[in-house]
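Chain residues, written in single-letter form:
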Amino acid sequence: MRILHTSDWHLGHLLLGQSRHAEHQQLIAWLGEQIRQQDIDLVLLTGDVFDSATPTSAARELYFELAMTVEAAGAQLVVVAGNHDAAATLQESRLLLEKLHTWVVPHRLSAAEHVRLLTNRQGEPALWLAAVPYLRPHELLLSRAGQDAEEKELALQQAITNCYAEIFFYIQAQQTTLARPVPIMMTGHLTVLGGSSSESVREIYIGKLRGFPATAFPTVDYVALGHLHQAQHISAPSPIYYSGSPLALSFDEAGQQKSMNLIDSQPDGLQIDTLPVPCWQALASIQTSLDSLVADVEARLSQLALSPAQALWLEIVLTDPQASRDVVDQVREQLASYPVQVLRVKRASRPVSVLQPADTVMLHELSVQDVFEQCLRQTEFDTETCQALQQRFALVCQQLEITA
Ligand SMILES: [Mn+2]
């Protein structure tokens, strides 16, 4: 049985106002071809299917196109919710997509409901799949008065551990009913300690719980994760993999070769390979000065050798100490005759100008604390004042019992 592990598609994503729709369409078509060419039985999308909790009609259309393409190519699709996905949005079409052999897990369920025994083409049991989505703190914990931040974090970590353990024990009990044991795969959408992040990944844990310990997962054959956008393997008793996102979602991901994981499930274990994903829209972040701008952009263009129809999306990071107010116009003018589109110009330390509204984040996706932090970042207060304000704000939140 062959499984393709991918995550963080972020359908509906805008990069500084630029639509990714055409890239997602190409990605879906490419996936259909891969399923046929590589004889893939199952496509596993481990969270952040959509970029927003309220996806546009165009983004939903892509989601349905994905389900139809996978079905037409002869594979099964499994989708679990990520922190960007609203449970209700995935829930509403869950039964309808089941008709296309798509299994959608929109939120936390009972242990048995997270588990399916998948069979190979001969109809024999081939893989236990535990499809676990992003576990929202409110699904796991009852907020208790008097708990400090650290106690809350520990309680959350313990609750996630228990949730995985419960599912694992359920599988183990079922495993004994089979003639011979089959490999176990679990999914998740969370930050595991030791992983590396990028600009477009939103922190999902509160306070000091920066990540879930890799050793807290039950010992299984493969843990398929989403959330971090860079493909990576985390060493632990269980093989833990982030497939990474198939598209670069921020300029700091521009240099990454995007990929998916191709897993062969054999009776004696799993074999893991990497499937590189083509790049349909080149991005580059170039740190330069106004004097060397043109030369640096020319150099990058010659390295990339784009087709004549393609324009490179650029972020220019200027090192000039004193950039004037019309610096964006200057950059644009200098690059007018090149096949590039300048999406952002910023100063090496902090942004000087933004051509488009910054990364679109909806207010309802942020916590009260996030909003306060972002407001604070836009002020020019010194560190001491910031700290004092943060402390008072935390106190107000505590008194009003607002949790992140
Ligand atoms: Mn994501």
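Look above for the structure.
On a predicted model such as this, the values are computed, not experimentally measured, just so you know.

(A) Up close: the pairing of strand β16 (residues 312-318). Extensive coverage of β16 is indicated by the burial of seven of its seven residues. Across the two faces of β16 the burial is the same, with Leu 312, Leu 314, Ile 316 and Leu 318 and Trp 313, Glu 315 and Val 317 all buried. Pairing of strand β15 (residues 283-288) with β16, which is carried by six bridges, proceeds in the parallel orientation. Paired with Gln 287 across the strands is Val 317, a residue of β16. With helix α7 (residues 293-304) bridging β15 and the parallel β16, this β-α-β connection has right-handed handedness.

(B) Here's a closer look at the environment of Ala 155. Along the chain, Ala 155 turns up in helix α6 (residues 149-175). The residues touching Ala 155, leaving out its near neighbours within four places in the chain, are Leu 141 and Gln 147.

(C) Examining the sheet that holds strand β10 (residues 222-226) more closely. Strand order in the open sheet formed by six strands is β7-β8-β9-β10-β12-β11, with mixed pairing between adjacent strands. In this open sheet, the two edge strands, each paired with only one partner strand, are β7 (115-119) and β11 (232-234). Between one strand and the next, the sheet's axes are offset by a mean angle of 25°, whatever the strand orientation. Here β10 runs beside strand β12 (residues 240-242); their pairing, made up of three bridges, is parallel. Paired with Val 223 across the bridge in β12 is Ile 240. Helix-sheet contacts for α6 involve β7, β8 (125-130) and β9 (184-189), and the interaxial angle to β9 is about 160°.

(D) Up close: the packing of aromatic side chains. Counted by the stated rule, this structure contains eight aromatic pairs. Seen in terms of ring centroids, Tyr 164 and Phe 217 are 5.0 Å apart; in terms of plane orientation they differ by 75°. Their pairing is edge-to-face. Taken together, the residues Tyr 164 in helix α6 and Phe 217 in the loop between β9 and β10 connect sequence positions 53 residues apart. Residue classification places Tyr 164 among the buried residues on the basis of a relative accessible area of 1%.

(E) Representation of helix α8 (residues 327-334) within the structure. Of all the positions in α8, only Val 327, Val 328 and Val 331 are classed as buried. Buried residues of α8, seen end-on, are gathered within an arc of 105° and therefore sit on one face of the element.

(F) Molecular detail of the packing of helix α9 (residues 368-377) against helix α10 (residues 383-399). At a minimum axis separation of 11 Å, α9 and α10 run at an interaxial angle of 160°. Comparing the axis directions of α9 and α10 gives the class roughly antiparallel. In terms of crossing hand, the pair formed by α9 and α10 is right-handed. Counted together, Val 368, Gln 369, Phe 372, Glu 373 and Leu 376 of α9 and Cys 386, Leu 389, Gln 390, Phe 393 and Cys 397 of α10 form the full contact between these two elements. Partitioned by chemical class, the residues of the contact of α9 with α10 number seven nonpolar, two polar and one charged.

Criteria and thresholds
Residues numbered from 1 in each chain as written. Predicted model: local features only at pLDDT ≥ 70, side-chain atom pairs only at ≥ 80, totals over all residues. Heavy atoms only, no water. Buried < 20%, exposed > 50% of the residue type's maximum accessible area, 1.4 Å probe, protein only. Helix = DSSP H or I, 4+ residues; strand = E, 2+ residues; numbered from the N terminus. Pairing = 2+ DSSP bridges. Right-handed = clockwise from strand over helix to strand, strands pointing away. Contact = heavy atoms within 4.5 Å. Axes fitted to C-alpha atoms, helices over the stretch in contact; angles between N-to-C directions. Phe/Tyr/Trp six-rings, centres within 6.5 Å; stacked < 30°, edge-to-face > 60°. Arc of directions from axis to C-beta. Parallel < 35°, antiparallel > 145°, perpendicular 65-115°, else oblique. Left-handed = near helix turned anticlockwise from the far one by under 90°. Nonpolar A, V, L, I, M, F, W, Y, C, P; charged D, E, K, R; others polar.

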